[in-house]
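# Residue-level structure breakdown
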Amino acid sequence: MVDGDDITAELAALEDERTGLVLQPLRWALEAHRAGNPYEVIVLEQVPAVLPVWEAMATVLETLGYKTVTGVLRAEEYGVPQTRRRAILIANQFLTPALPVPTHQRFRRTQVQASAEQSALLPCQSIGQTLDRLEPFELVSNYGTGGDPKARGRRTSKEPAFTVTGKVSRNRLFSNAGELDRLNVSEAGLLQTFPANYPWSGKDVSQQIGNAIPPRLAAHVLAAALGQELEPGFFDTMTRTHWTAIDSETRKAAASKAVHGFPAPGEERDFDSALDRSPSARDKRGLDGGRNEHLPVPLASTSSGVL
């Protein structure tokens, strides 16, 4: 691919066609470079197992003049109320990028004495702090632990959630009084740091939620990629405010203080008009709600790409 070879046949022979998708951003970057209009910044995100691929891509991108950094980030260290590890690649033509500095402590089940560096960080965000539910309660994962599929993982409401996946609707919640209602669309989105009434649309909403990169983590990564420093209050303002309450003036103010790259003024007006058409009660749907084609398409990618 790097030398201009066509590897379509090799990709087609893969057992899972999705495996080849992680290479598509490199193809786009190479084509843009050959066309004389290269991307200024490239940001990729995937599951930790893809880190070696990102590292190999970084080596190629450096031959094109990019400065790169790769690594695995833990979402709870950036204020996301779940333990989620993701491999990141950042490439910048003009700046030497660095991975974002954690703002919150790493989650540990066992009580250990925090280091001086850890104690200066905020406590990780818990499920109970995020969801509007009476505490205490316990979240039981749909997945097994320790190699035993029957040994379901458990987290208390004082801890961050497990990684939110496309099967998030199968997680169960219990209190001392018995089993509680399962997570709805709004709650699952909140654990991913989407606004409470984010306008999810289309089929298999739970899969959309699980596939998305948490916006709060994405903001940290994009700011690092662009060499920008976000104000501490930016993350809470943009992820905890109701979606329809974030008007264009709020976005412009946040953008001027934080990071460039938000939609142009004309694009903001078009986007706001689309938001005005979304019903206020749609967050009451179940996780597998039906189609709502009149709503805007979610701003969440289900595969890696160039941002």
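In this report, we go over the structure that sits alongside the text. (Residues numbered from 1 in each chain as written. Predicted model: local features only at pLDDT ≥ 70, side-chain atom pairs only at ≥ 80, totals over all residues. Heavy atoms only, no water.)

Moving on to the sheet that holds strand β1 (residues 41-46). Spatially, the three strands line up as an open sheet ordered β1-β3-β2, and their pairing is antiparallel. At either end of the open sheet lies a strand with only one pairing partner, and these are β1 and β2 (67-74). Within the sheet, the average angular offset between the axes of one strand and its neighbour, ignoring direction, is 15°. On top of the sheet, helix α3 (residues 51-63) reaches β1, β2 and β3 (85-92); it is set at about 165° to β2, its chief contact. (Pairing = 2+ DSSP bridges. Helix = DSSP H or I, 4+ residues; strand = E, 2+ residues; numbered from the N terminus. Axes fitted to C-alpha atoms, helices over the stretch in contact; angles between N-to-C directions. Contact = heavy atoms within 4.5 Å.)

For the rest of this paragraph, the subject is unusual backbone geometry. With an omega dihedral of 0°, the bond running from glutamate 135 to proline 136 counts as a cis peptide bond. Take proline 136: it is sitting in the loop between α5 (127-130) and β4 (138-145). A positive phi angle, close to 75°, is found at threonine 193, a residue other than glycine. With respect to the helices, strands and loops of the structure, threonine 193 is situated in the loop between α6 (185-191) and α7 (205-211). A relative accessible area of 6% means that threonine 193 is categorised as buried. Phi at aspartate 204 takes a positive value of approximately 50°, unusual for a residue other than glycine. Examined against the element boundaries, aspartate 204 turns out to sit in the loop between α6 and α7. A relative accessible area of 39% places aspartate 204 in the partly exposed class. (Buried < 20%, exposed > 50% of the residue type's maximum accessible area, 1.4 Å probe, protein only.)

Generally speaking, a soluble globular protein has its nonpolar side chains buried in company with each other. Of all hydrophobic cores here, the largest spans 22 residues; its most connected members are Ile127, Leu131, Leu139, Leu183, Leu191, Trp200 and Ile209. Put simply, the parts of the chain that give this core at least two residues each are α6 and α7. For this core, the element with the highest residue contribution is α6, accounting for four residues. Excluding residues that lie within four positions of it along the chain, leucine 191 makes contacts with Val80, Pro81, Gln82, Ile127, Thr130, Leu131, Ala161, Val164 and Leu183. Residues Leu26, Leu30, Val50 and Ala87 belong to the second largest nonpolar core, which totals 18 residues. (Core = buried A, V, L, I, M, F, W, Y, C linked by side-chain atoms within 4.5 Å.)

Attention now goes to the packing of helix α8 (residues 215-226) against helix α9 (residues 232-240). Remark: α8 packs on α9, axes separated minimally by 10 Å, with the N-to-C direction vectors making an angle of 140°. Accordingly, the angle class assigned to the pair α8 and α9 is oblique. As α8 packs across α9, the resulting crossing turns out to be right-handed. Residue-level inspection shows Arg216, Ala219 and His220 of α8 in contact with α9, the latter providing Phe234, Phe235, Asp236, Thr239 and Arg240. (Parallel < 35°, antiparallel > 145°, perpendicular 65-115°, else oblique. Left-handed = near helix turned anticlockwise from the far one by under 90°.)

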